Amino acid sequence: MGPTNIVQAGDPVLRTAANPVTEFGTPELRELVSTMIRVMQEAPGVGLAAPQIGVPLRVIVLEDEEGRMARLSKKQRDARERVPFGAIAFINPTLELLGDEQMTFFEGCLSVAGWAALVPRARTVRVTGFDVEGREVEWEVSGWPARILQHEVDHINGTLYIDKMLSRTFCAASELTGRWADSTPDEVRKALGA
Ligand code: CO
């Protein structure tokens, strides 16, 4: 397959609740998931939802590894609870927020290219869903993977992080990697009046 374009904000597919997958173990579903993983890795990103490649289905993929957290210091990784994990897909996922602890960090989206903002998210979640073969899968997790899961499940419900961000912290990616690279979320909030 050739390059797959990532849909950008403004396309209604990103603002529409996606449809459940009804048939598992099909060549089409396997192809969709492998395409999504490839697009996520090439971007690169740590998550992708099917609507982001124009497919209105409730399918998400996520993955994190050293290369995708390279610009963060050890301290920043620890604060985010950012740990490597291999590519994983959830089909028809259901997300449950556990506890009332929230974490606020910068978040971006491949469909809002070039921007980032601070977004409060639950620290811990439990996701249940299915793999491509229709087997039940469940993951209870805290930290960065929990943030990715919330972001991707929002996508299949037609929600983008910009709906939940601290809007005064919306900033160009160049500001995030330049001006705010070594700042804590609290310092950014103070400076930007959020
Ligand atoms: Co996104």
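Calculation notes
Residues numbered from 1 in each chain as written. Predicted model: local features only at pLDDT ≥ 70, side-chain atom pairs only at ≥ 80, totals over all residues. Heavy atoms only, no water. Salt bridge = Lys/Arg side-chain N within 4 Å of Asp/Glu carboxyl O. Helix = DSSP H or I, 4+ residues; strand = E, 2+ residues; numbered from the N terminus. Buried < 20%, exposed > 50% of the residue type's maximum accessible area, 1.4 Å probe, protein only. Donors = N, O, S within 2.8 Å, 3.2 Å for Na, K, Ca; no water. Contact = heavy atoms within 4.5 Å.

Regarding the pattern of salt bridges
Pairing is possible between side chains that carry opposite charge, provided their charged atoms lie close to one another. Under the defined criterion, the tally for this structure stands at 19 salt bridges. A salt bridge links arginine 121 to aspartate 154, with the nearest nitrogen and oxygen atoms 2.9 Å apart. A residue pair is termed long-range when its members are at least 10 positions apart, and arginine 121 in strand β4 (residues 115-130) and aspartate 154 in helix α3 (residues 144-156) qualify at 33 residues. The residues arginine 121 and aspartate 154 share a single accessibility class, namely buried. A salt bridge links arginine 126 to glutamate 138, with the shortest nitrogen-to-oxygen separation between them at 3.5 Å. Of this pair, arginine 126 sits in strand β4 while glutamate 138 sits in strand β5 (residues 136-142); the two residues are 12 residues apart in sequence, bridging distant segments of the chain. Each of Glu107, Arg121, Arg147, Asp154 and Lys164 takes part in salt bridges that share partners, so that together they form one network.

Description of the coordination of the cobalt ion
Around the cobalt ion, the protein contributes the donor atoms Cys109 (SG), His151 (NE2) and His155 (NE2), which lie 2.1 to 2.3 Å from the metal centre. When the donor residues of the cobalt ion are listed from N- to C-terminus, their spacing reads C-x41-H-x3-H. Residue cysteine 109 is found in the loop between β3 (85-107) and β4, and its partner histidine 155 is found in helix α3; the two are separated by 46 residues along the sequence. A relative accessible area of 9% places cysteine 109 in the buried class.

Details of unusual backbone geometry
The phi torsion of most residues other than glycine is negative, and most of the peptide bonds are trans. Of the consecutive residues alanine 43 and proline 44, the connecting peptide bond is found in the cis state with omega at -15°. Within the chain, glutamate 81 stands out as a residue other than glycine whose phi angle is a positive 50°. Within the element layout of this structure, glutamate 81 appears in the loop between α2 (74-80) and β3. With a relative accessible area of 23%, glutamate 81 lands in the partly exposed category. At asparagine 92, a residue that is not glycine, the phi angle is positive and equals roughly 50°.

Observations concerning the environment of proline 44
Along the chain, proline 44 falls in the loop between α1 (27-42) and β1 (47-49). Remark: the alpha-carbon pair of proline 44 and arginine 68, spanning 24 residues in sequence, is separated by 7.4 Å. If we skip the residues at most four places from it in the chain, proline 44 touches Arg68 and Leu110.

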